[in-house]
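Structural characterization, general
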Amino acid sequence: STSQGAVKSRPPPIRQICPPLLKIALYQTAPMDLKPLITLLAIVNPLAIVPFFIHYTQDFNRAQRKHTIWMASFSTFVVIATCALMGLNILTFFGISLASFQVGGGLLLLTAALSMLNAQPAEAKTNEEELNIAAARASIAVVPLTIPLLTGPASMSTVVIYAAKATNFWQLATLVGYGVVIA
């Protein structure tokens, strides 16, 4: 009669069998959280670039605007990936410590925030001659759209600081992947 009332037992989940091993595996290979992505989105603020894009491309046709968007997006990714992968090496080459770089990056963020609080209307208006000169120059996709508007010093320093916090390849790859999302 005891065999009829026996309940089939399920094996325990893996986290109960070897929790220390699972914790080690998760912490060593876990990708970065969403904090760098949210921070970069707040700093880059792609929607704030739309008025600049419209202003700089007002005389462009549809194909030229599309090309400018693709070039600015690709350039943004290249800047973020370069800062993530080589930023610390560049700082070391110039003898800049990460702590002093963090202070400088913080001051840049502070000045950017203060200038946003004290928004001033544009002082200079462009005339038709200036627009023709600008159209004759190289593409505006890299300068001024990508650098400094999309990926300025604040976003570059943020990426370098998060890259310094990365403890393994996957976290660095996640940071580079966030560059794809931002671009």
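Anyway, here's the lowdown on the structure attached to this text. In this text the structure is predicted, and so the values were computed from the model without any measurement.

Describing the packing of helix 6 (residues 98–117) against helix 9 (residues 153–165)
One way to put it is that helix 6 packs onto helix 9 with a least axis distance of 9 Å and a crossing angle of 145°. When you trace helix 6 past helix 9, the crossing you get is left-handed. Each of Leu98, Phe101, Gln102, Gly105, Leu108 and Leu109 in helix 6 lies in contact with helix 9, whose residues at this interface are Pro153, Ala154, Ser157, Val160, Ile161 and Ala164. Looking at the contact of helix 6 with helix 9 residue by residue, the classes come out as 9 nonpolar, 3 polar and no charged.

As for the layout of surface pockets
As a volume, the largest pocket reaches approximately 490 Å³. Counting only elements with at least two residues in the lining of the largest pocket, the list comes to helix 3 (35–44), helix 6, helix 8 (141–150) and helix 9. Among the residues making up the lining of the largest pocket, the classes are represented as 16 nonpolar, 3 polar and no charged.

Notes on the packing of aromatic side chains
Tallied over the entire structure, the rule returns 2 aromatic pairs. Both rings, one in Phe93 and one in Phe94, keep their centres 5.1 Å apart while their planes meet at 80°; by these two values the pair is edge-to-face. Aromatic pair Phe169 and Trp170: ring centres 5.1 Å apart, planes at 70°, arrangement edge-to-face. Each member of the pair, Phe169 together with Trp170, is exposed.

Points about the side chain of Ser157
Along the chain, Ser157 turns up in helix 9. Those residues within four positions of Ser157 in sequence are excluded, and the remaining contacts are Phe101 and Gly105.

Structural notes on the environment of Ile38
Take Ile38: it is sitting in helix 3. Linking Ile38 and Tyr178, residues 140 residues apart in sequence, is a C-alpha distance of 9.5 Å.

Scoring rules and cut-offs
- Residues numbered from 1 in each chain as written.
- Predicted model: local features only at pLDDT ≥ 70, side-chain atom pairs only at ≥ 80, totals over all residues.
- Heavy atoms only, no water.
- Axes fitted to C-alpha atoms, helices over the stretch in contact; angles between N-to-C directions.
- Helix = DSSP H or I, 4+ residues; strand = E, 2+ residues; numbered from the N terminus.
- Left-handed = near helix turned anticlockwise from the far one by under 90°.
- Contact = heavy atoms within 4.5 Å.
- Nonpolar A, V, L, I, M, F, W, Y, C, P; charged D, E, K, R; others polar.
- 1 Å grid on protein atoms, 1.4 Å probe; cavity = no way out; pocket = protein on both sides within 12 Å on 5 of 7 lines; lining within 4 Å.
- Points joined across faces, edges and corners; volume = space filled by probe spheres on them.
- Phe/Tyr/Trp six-rings, centres within 6.5 Å; stacked < 30°, edge-to-face > 60°.
- Buried < 20%, exposed > 50% of the residue type's maximum accessible area, 1.4 Å probe, protein only.

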